[in-house]
Amino acid sequence: MNDVFTHLESEVRGYCRGWPTVFTTARGSRITAEDGREYLDFFAGAGTLNYGHNNPLLKRRLLDYLAADSVVHSLDMYTAAKRTFLERFEEVVLKPRGLDYKVQFPGPAGNHAVEAALKLARKYTGRETVVSFTNAFHGMTLGALAVTGNSMKRTGAGVPLGHGVAMPYDNYLDGRTPDFLLFETMLDDSGSGLDKPAAVIVETVQGEGGINAATAEWLRGLADLCRRHEILLIVDDVQMGCGRTGAFFSFEEAGIVPDIVCLSKSLSGYGLPFAVTLMRRDLDVWEPGEHNGTFRGFNPAFVTAVGALEEYWTGETLEKQTLAKGELVERGLNEIALTHAGAIDTVRGRGLAWGLVMRDPDLAPRVCGEAFARGLLMETSGPEGEVVKLLPPLTTSEAELAHGLEIIADSVTAVRDAVAV
Ligand SMILES: Cc1ncc(COP(=O)(O)O)c(C=O)c1O
């Protein structure tokens, strides 16, 4: 494309390179380009559009709010929209789950929620080290990068990334060693060189890292280890929270209660920037204004977030539907993997986050390219970009999921045929 994008927009642009078209409108699980071509969207803003594009139930509330000249920007001043969000978040999300968290508005992106969590853990414990896991992804700011695995992203920092130590994630060593053997041995050994960590930060399912889903047992083991060693447990639920794995929080299935939780992406429900850092009540040792930021009070996001809670989280319907749709996707992908066992290594995921792991990493972007040509958006993930990643909106119909799976099957066939030639 020889146009204003390539002329003016930085070389850092990424997703647009895989989908070289100009998008104009979107509704539900479909997004349309200016040439009139419609695409099924199994990318969903990398997990930001769990309730679909321009969800009409949330749009109505947003339009009404704006039409009334209600406050849009307010830093962290008290507003009626913020009050309603806090009240409804407590009633719909926290109380029914027996969670007694305080809510920090750290700035609108996932990395803001992570930076606040890391700073708070360090301040509370007086310790510096934070343990993260192999193939973790926590964002692009320096603190978040220091606990992120990907070497290309880490190199981009341009400075040493300090005070983070990586440990093996669940199944990293293919079950060859008992869980946490290295971690716990190092914690117990005063000669190991591992300073006592302030916190452990973990994703229950590593989205960017290749859809690696930790087992509930591993997560419980981690929570137990943290408790025994008085290390804070931070769950980064930026991508897997808000129902992506079924329940509102992805850690619920494991029955663990993290000390700190990061949420963003689908929290506003509408693609509007919004993040929170949730902390155990006694961890709230911040001084007023000690951690601030201009965009902590984006009221339209409070409004659509309340909409999402009231429309989707007062009952169990969405959670059940997500799990049922996840099974449908898993079955479909397993059939594709069986047909193309030579090209596909494995299928993995949870809820409505799924990955098709290609044996040859070069094939994953090619499958996504073929899918794009056939009208389906999907991204790749994993350290080598070897995983074809599916994150359809949770509101995607079964017919749309089936159609997407057909496109994936055709795309894998096309890539295999091309490779065989
Ligand atoms: C688990 C996780 N944490 C943090 C982030 C960073 O979020 P943001 O890109 O909004 O800064 C992401 C983004 O993909 C993520 O997946």
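Note that the coordinates shown come from a computational prediction; the quantities given were computed from them, not determined experimentally. Per chain, the residues get numbers from 1 upward, laid out in the order the sequence is written. Only residues with pLDDT of 70 or above have their local features reported here, since the model is predicted, and side-chain atom pairs are shown and tallied only from 80 upward, although totals for entire chains, interfaces and linings are computed over all residues. Hydrogen atoms and water are omitted, and side-chain values are computed over all heavy atoms in the structure.

(A) Highlighting the overall build of the protein. Strands are runs of DSSP state E lasting at least 2 residues, helices are runs of H or I lasting at least 4, and numbering of each runs from the N terminus. Looking only at helices and strands, the protein has 14 helices and 17 strands in total. With the C-alpha coordinates of the protein rotated into their principal frame, the extents come out at 60 × 60 × 45 Å. For the protein, the share of sequence-separated contacts (at least 6 apart) that also reach a separation of at least 24 residues comes to 74%. Accessible surface is estimated by sampling points in the Shrake-Rupley manner with a 1.4 Å probe; for residues, cover comes only from the protein chains shown. In the structure as shown, the protein presents an accessible area of about 18600 Å², 52% of it carried by carbon and sulfur atoms. Between two residues, a contact is recorded if the distance between any of their heavy atoms is within 4.5 Å.

(B) Looking closely at the pattern of salt bridges. When a carboxyl oxygen of Asp or Glu is within 4 Å of a side-chain nitrogen of Lys or Arg, the pair counts as a salt bridge. Per the counting criterion, the structure on display carries 25 salt bridges. Asp64 is the partner of Arg60 in a salt bridge, and the nearest nitrogen-oxygen pair spans 3.0 Å. Taken as a pair, Arg60 and Asp64 lie in helix H4 (residues 56-67) at a separation of four residues, close to a single helical turn. The exposure class of Arg60 is partly exposed, given its relative accessible area of 48%. In this scheme, a residue with accessible area under 20% of its type's maximum is buried, one over 50% is exposed, and one in between is partly exposed, where area comes from a 1.4 Å probe on protein chains only.

(C) Spatial organisation of empty space enclosed by the protein. A pocket here means an open set of points on a 1 Å grid, computed over the protein atoms alone, that has protein on both sides within 12 Å along at least five of seven lines. A cavity is instead a set of points where a 1.4 Å probe fits but cannot get out; residues with an atom within 4 Å of a point line either one. Grid points are joined across faces, edges and corners, and a volume is the space filled by probe spheres set on the points. Per the counting criterion, the structure on display carries two cavities of 30 Å³ or more. There is about 50 Å³ of room inside the largest cavity. Phe105, Pro106, Gly107, Pro108, Pro273, Phe274, Ala275, Phe295, Arg296, Phe298 and Phe302 together form the lining of the largest cavity. In terms of residue class, the lining of the largest cavity is made up of nine nonpolar, one polar and one charged. Its volume calculated, the second largest cavity comes out at about 30 Å³. Taken together, Tyr51, Phe85, Cys242, Phe248, Ser266, Leu267, Ala305, Ala308 and Leu309 make up the full set of residues lining the second largest cavity. Amino acids are sorted into nonpolar (Ala, Val, Leu, Ile, Met, Phe, Trp, Tyr, Cys and Pro), charged (Asp, Glu, Lys and Arg) and polar (every other residue, Gly among them). A class-by-class count of the residues in the lining of the second largest cavity yields eight nonpolar, one polar and no charged.

(D) Up close: the sheet that holds strand E13 (residues 344-350). Judged by pairing direction, the sheet is antiparallel, and its four strands sit side by side in the order E13-E14-E17-E16 without closing on themselves. At either margin of the open sheet sits one strand with a lone partner, and together these are E13 and strand E16 (379-381). Taken pair by pair, the neighbouring strands of this sheet meet at an average axis angle of 30°, ignoring direction. Pairing between strands requires that DSSP locate at least two bridges from one strand to the other. Of the strand pairs in this sheet, E16 and strand E17 (residues 387-390) are connected by three bridges, and their pairing is antiparallel. Here an axis means a line fitted to C-alpha atoms, over the contact stretch when the element is a helix, while the angle between two N-to-C directions is reported on a 0 to 180 degree scale.

(E) Structural context of the packing of helix H12 (residues 317-339) against helix H14 (residues 398-420). It is at 10 Å that the axes of H12 and H14 come closest, and there the two elements cross at 20°. With respect to H14, the axis of H12 lies roughly parallel. For H12 against H14, the interelement crossing comes out right-handed. Contacts between H12 and H14 pair Lys325, Leu328, Val329, Gly332, Leu333, Ile336 and Thr339 from the former with Glu398, Leu401, Leu405, Ile408, Ala409, Val412 and Arg416 from the latter. Within the contact of H12 with H14, the residues separate by chemical class into nine nonpolar, two polar and three charged. The scheme is simple: roughly parallel for angles under 35 degrees, roughly antiparallel for over 145, roughly perpendicular for 65 to 115, oblique for anything else. By the definition used in this description, the sense in which the near helix is turned from the far one sets the handedness, with an anticlockwise turn below a right angle giving left-handed and a clockwise turn giving right-handed.

(F) Main features of the site of the ligand. Residue proximity to a molecule or strand is established when one non-hydrogen atom of the residue lies within 4 Å of it. The immediate surroundings of the ligand are formed by Ala109, Gly110, Asn111, Phe137, His138, Gly139, Glu203, Asp236, Val238, Gln239 and Lys265. Within the backbone of Gly110, a nitrogen or oxygen atom sits 2.8 Å from an oxygen atom of the ligand. Contact with the protein chains hides 83% of the accessible area of the ligand, taken as 390 Å² for the molecule alone. N or O atoms within 3.5 Å of each other form a polar contact, as long as, within protein, one can give a hydrogen and the other can take it, and as long as residues adjacent in sequence are counted only when both atoms are side-chain atoms.

(G) Structural detail: the packing of helix H13 (residues 363-373) against H14. Packing of H13 against H14 leaves a shortest axis separation of 8 Å and a crossing angle of 125°. With respect to each other, H13 and H14 are oriented oblique. Read as a crossing pair, H13 and H14 show a hand that is right-handed. Of the residues in H14, those touching H13 at Leu363, Arg366, Val367, Glu370 and Ala371 are Ile407, Ser411, Val412, Ala414, Val415, Ala418 and Val419. Here the residues of the contact of H13 with H14 are counted per class, giving nine nonpolar, one polar and two charged.

(H) Geometry of the nonpolar core. If you look at the biggest cluster of nonpolar residues, it comprises 86 residues, and the most contacted ones within it are Phe85, Phe89, Leu222, Phe249, Leu263, Leu333 and Ile408. When residues of this core are assigned to their parent elements, the largest contribution, eight residues, is made by helix H11 (residues 299-312). Not counting residues within four places of it along the chain, the set of residues in contact with Ile408 comprises Leu333, Ile336, Leu356, Leu376, Met378 and Leu390. The criterion is simple. A nonpolar core is a set of buried Ala, Val, Leu, Ile, Met, Phe, Trp, Tyr and Cys residues joined through side-chain atoms within 4.5 Å. Listed in part, the 20 residues of the second largest apolar core include Ala121, Ala144, Ile201 and Ala275.

(I) Representation of the sheet that holds strand E1 (residues 23-27) within the structure. Read across the sheet, four strands follow the order E1-E2-E3-E15 without closing on themselves; strand pairing throughout is mixed. Of all strands in the sheet, those with a lone pairing partner are E1 and strand E15 (376-377), marking the two edges. Bridge analysis of strand E3 (residues 38-41) against E15 gives two bridges, and the strand direction is parallel. Its bridge partner lying in E15, Leu40 is registered against Leu376.

(J) Summary view of H11. Every helix has an expected span of 1.5 Å times one less than the residues it contains. The end-to-end C-alpha separation of H11 is 20 Å, in line with the 20 Å expected for 14 residues at 1.5 Å each. Counting buried positions over the 14 residues of H11 gives 12, a clear majority of the element. Looking at the buried residues of H11, the elements they touch are H4, helix H5 (80-94) and H12.

(K) Fine view of the domain arrangement of the protein. Boundaries between domains were set according to an automatic or database domain assignment. If you check the domain split of the protein, you get domain 1 (4-56 + 316-420) and domain 2 (59-312). In this structure, domain 1 and domain 2 have C-alpha centres spaced 25 Å apart. Taken together, the contact pairs 34 residues of domain 1 with 31 residues of domain 2. Buried surface at the junction of domain 1 and domain 2, both sides included, amounts to about 2700 Å², of which 47% is carbon and sulfur. When two components associate, each loses some accessible surface as probed by a 1.4 Å sphere; the sum of these losses over both components is called the buried area. A per-residue breakdown of the area domain 1 buries against domain 2 is headed by Thr48, Tyr51 and Arg350, which together make up 29% of the total. At the junction of domain 1 with domain 2, the criterion picks out two salt bridges.

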